[in-house]
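The primary structure of each chain is shown beneath.
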Amino acid sequence: MTKPFARSIAALSALLIAATGMTVAAGSALADTDVKPRKSACTADPNNYACLRVSDRREVSGEPVTFRGSLSKEAQRQLAAWTRGENTICLTRYEPAPLKDGSWPWQTLDQACTTLNPNGTFGMTVFLGVQGLHFYGVEMGPCRADEDRCGNADPGLIGVGNTKKDRVVAVRTIAP
């Protein structure tokens, strides 16, 4: 086995473990405790793999909201491999409650994407048109890697089920 191939397998394995852990954690976190809406959250395992912070937890619908965050060196490597160096990340929006099966309805906000800064930080100002309480996360942008990586891995960086102390980034948008 060549070293680049071994590193690719190790990186993909780490990503799959993180993705699987995120899926399992989403179901188990809800069985044990409720999530805690906050202005900021970081992943629990691996510790601080990705962090996200919002400027306001309550905002008038249609007004701008700023999200900022950072990715660990390992998350930056995974993102670079996933996007083939484009380093695009996108905001994700989750419903405020899970379905009966424990899964969380979510959507990628394709209009809320940005590139990662060279120092591993990012920021984006978005207009959240949907009213009500929603939770937010970040995922890797469009996959540009090979079919194996794109088809068999989860692009999630931080969401509702993989956060430290069950914290989730929450914004409630209200009518003007």
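Conventions and cut-offs
Residues numbered from 1 in each chain as written. Predicted model: local features only at pLDDT ≥ 70, side-chain atom pairs only at ≥ 80, totals over all residues. Heavy atoms only, no water. Helix = DSSP H or I, 4+ residues; strand = E, 2+ residues; numbered from the N terminus. Buried < 20%, exposed > 50% of the residue type's maximum accessible area, 1.4 Å probe, protein only. Contact = heavy atoms within 4.5 Å. Polar contact = N/O pair within 3.5 Å; in protein donor to acceptor, adjacent residues only side chain to side chain. Pairing = 2+ DSSP bridges. Core = buried A, V, L, I, M, F, W, Y, C linked by side-chain atoms within 4.5 Å.

I'm lost on the environment of E139 in this one. Help?
You can see E139 is positioned in strand β9 (residues 132-140). Among the residues examined, E139 registers a relative accessible area of 10% and is labelled buried. For the pair E139 and P155, spaced 16 residues apart in sequence, the C-alpha to C-alpha distance is 5.4 Å. Contact partners of E139, with chain neighbours within four places excluded, come to I89, C90, T92, W106, T108, P155, G156 and L157. Polar side-chain contacts of E139 include one of 2.5 Å to the side chain of T108.

So what exactly am I meant to see when it comes to the side chain of S61 here?
Position of S61 relative to the elements: it lies in the loop between β4 (58-60) and β5 (64-71). A residue is classified by how much of its surface remains accessible, and S61, at 14% relative accessible area, is buried. Setting aside its immediate chain neighbours within four residues, S61 contacts L128, G129, V130, Q131, T173, I174 and P176.

Sorry, what's going on with the pairing of β9 here?
Note on strand geometry: in a regular strand, side chains alternate between the two faces of the sheet. When you tally the buried positions in β9, you get seven out of nine residues, the bulk of the element. Bridging between strand β6 (residues 88-94) and β9 involves six bridges; their strand directions are antiparallel. Each residue of the ladder has a partner; that of I89, found in β9, is M140. As paired elements, β9 and strand β11 (residues 167-174) share five bridges and run antiparallel to each other. Across the sheet, residue H134 finds its bridge partner in β11, namely V171. In this structure, β9 lies alongside strand β10 (residues 156-158), joined through two bridges in antiparallel fashion. Looking at the pairing, V138 lines up with I158 of β10.

Just checking my understanding: could you explain the nonpolar core for this structure?
Among soluble globular proteins, nonpolar side chains are generally buried collectively. Membership of the largest hydrophobic core comes to 28 residues, with the highest contact counts inside it found for L52, F67, L71, L91, F122, Y136 and L157. Setting aside residues up to four positions removed in sequence, L157 forms contacts with T43, Y49, A50, L71, A75, I89, V138, E139, M140 and N162. If you look at the next biggest cluster of nonpolar residues, it comprises seven residues, including V35, W104, V160 and A170.

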